[in-house]
Amino acid sequence: MDPMRDADLYRGLEEKLGTTVATSLMERLPPAPPDRLATKDDVDVVARDLASFRTDVGQRFSSFRTEVDLRFDKVDQRFDKMDERFAQADQRFTGIEVAMATLQGEMRMLGEQMGTMQVELLATVRGELITGLHVQSRQMVLALIGSLVGLSGAAWLLSQLAG
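Read on for a plain summary of the structure. (Residues numbered from 1 in each chain as written. Predicted model: local features only at pLDDT ≥ 70, side-chain atom pairs only at ≥ 80, totals over all residues. Heavy atoms only, no water.)

## Focus on the overall build of the chain
For the chain, the helix and strand inventory stands at three helices and zero strands. Each helix (α) and strand (β) of the chain, taken in turn from the N terminus, gives the series α-α-α. Taking 2.2 N^0.38 as the reference for a compact globule, 163 residues should give roughly 15 Å; the C-alpha atoms of the chain span a radius of gyration of 64 Å, well beyond that estimate. Dimensions along the principal axes, computed over C-alpha positions, put the chain at roughly 200 × 30 × 20 Å. Among the 163 residues that make up the chain, the fraction classed as buried is 2%. Here the chain displays about 14,900 Å² of accessible surface, and carbon together with sulfur accounts for 63% of that area. The distance from the centre of the 19 positive side-chain charges to the centre of the 25 negative ones in the chain is 3 Å. (Helix = DSSP H or I, 4+ residues; strand = E, 2+ residues; numbered from the N terminus. Rg over C-alpha atoms; globule rule 2.2 N^0.38 Å. Buried < 20%, exposed > 50% of the residue type's maximum accessible area, 1.4 Å probe, protein only. Areas by Shrake-Rupley, 256 points an atom, 1.4 Å probe, with all protein chains shown as cover. Lys, Arg positive; Asp, Glu negative; His and termini not counted. Charge placed at Lys NZ, Arg CZ, Asp CG, Glu CD.)

This is the structure in structure tokens:
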């Protein structure tokens, strides 16, 4: 685009075709030099390049999406494994809770049995003590009576000999 050349062109057109036509023609001229203007062939090349670019981007996006899907599948598998582990842990805890409840019941029963056995043992010991005390008391009373009878006899004998 050369302003001097454009001014000369406009004057020449104006002399031959008039101001209105010269202005209209000058407005329709491209703003760039002809070697800078795109041709239909240039547009076709750009269109082919753009189509190729779209295809390439589409393939890359498809490949990327496939890779992302595979990674998400792996993550899902890991979560599934974790879910299985949590389920196993839940089962173990349930088993422990059942065992603890059973153990508590058994301990309660043992406590009750121990209480019953303690009462029975105390009753047995008390009975044996009472029986032992009765036997011992009877033996002591009989020994005392024997001693008294012996002493009485000795006192009578002494009174007979002395008198």
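Text resumes after the structure shown.
## Topic: the environment of Gln118
Within the secondary structure, Gln118 is located in helix 3 (residues 40-162). Given the relative accessible area of 51%, Gln118 is considered exposed. A sequence separation of 16 residues divides Gln118 from His134, and the C-alpha atoms of the two residues are 24 Å apart.

## Considering the environment of Val45
If you trace the backbone, Val45 turns up in helix 3. Considering only alpha carbons, one finds Val45 and Phe72, 27 residues apart in sequence, at a separation of 40 Å.

## Notes on a positive patch on the surface
On the surface, a cluster of positive charge is contributed by Lys74, Arg78, Lys81 and Arg85. You can see Lys81 is positioned in helix 3. (Patch = residues over 30% accessible without salt bridge, like charges linked within 9 Å, V, L, I, M, F, W, Y side chains within 5 Å. Salt bridge = Lys/Arg side-chain N within 4 Å of Asp/Glu carboxyl O.)

## Quick word on helix 1 (residues 3-17)
Taking 1.5 Å per residue as the helical rise, helix 1 with its 15 residues ought to reach 21 Å, and the 20 Å between its terminal C-alpha atoms agrees with that figure. The first or second residue beyond helix 1 is Gly18, which carries a positive phi of 100 degrees. (Expected span 1.5 Å × (residues − 1).)

## Description of the pattern of salt bridges
Per the counting criterion, the structure on display carries three salt bridges. With its nearest N and O atoms 2.9 Å apart, the salt bridge here joins Arg11 to Asp8. Placement of the pair is Arg11 and Asp8 together in helix 1, with a separation of three residues, close to one helical turn. Taking the relative accessible area as the measure of exposure, Arg11 reaches 43% and is therefore partly exposed.

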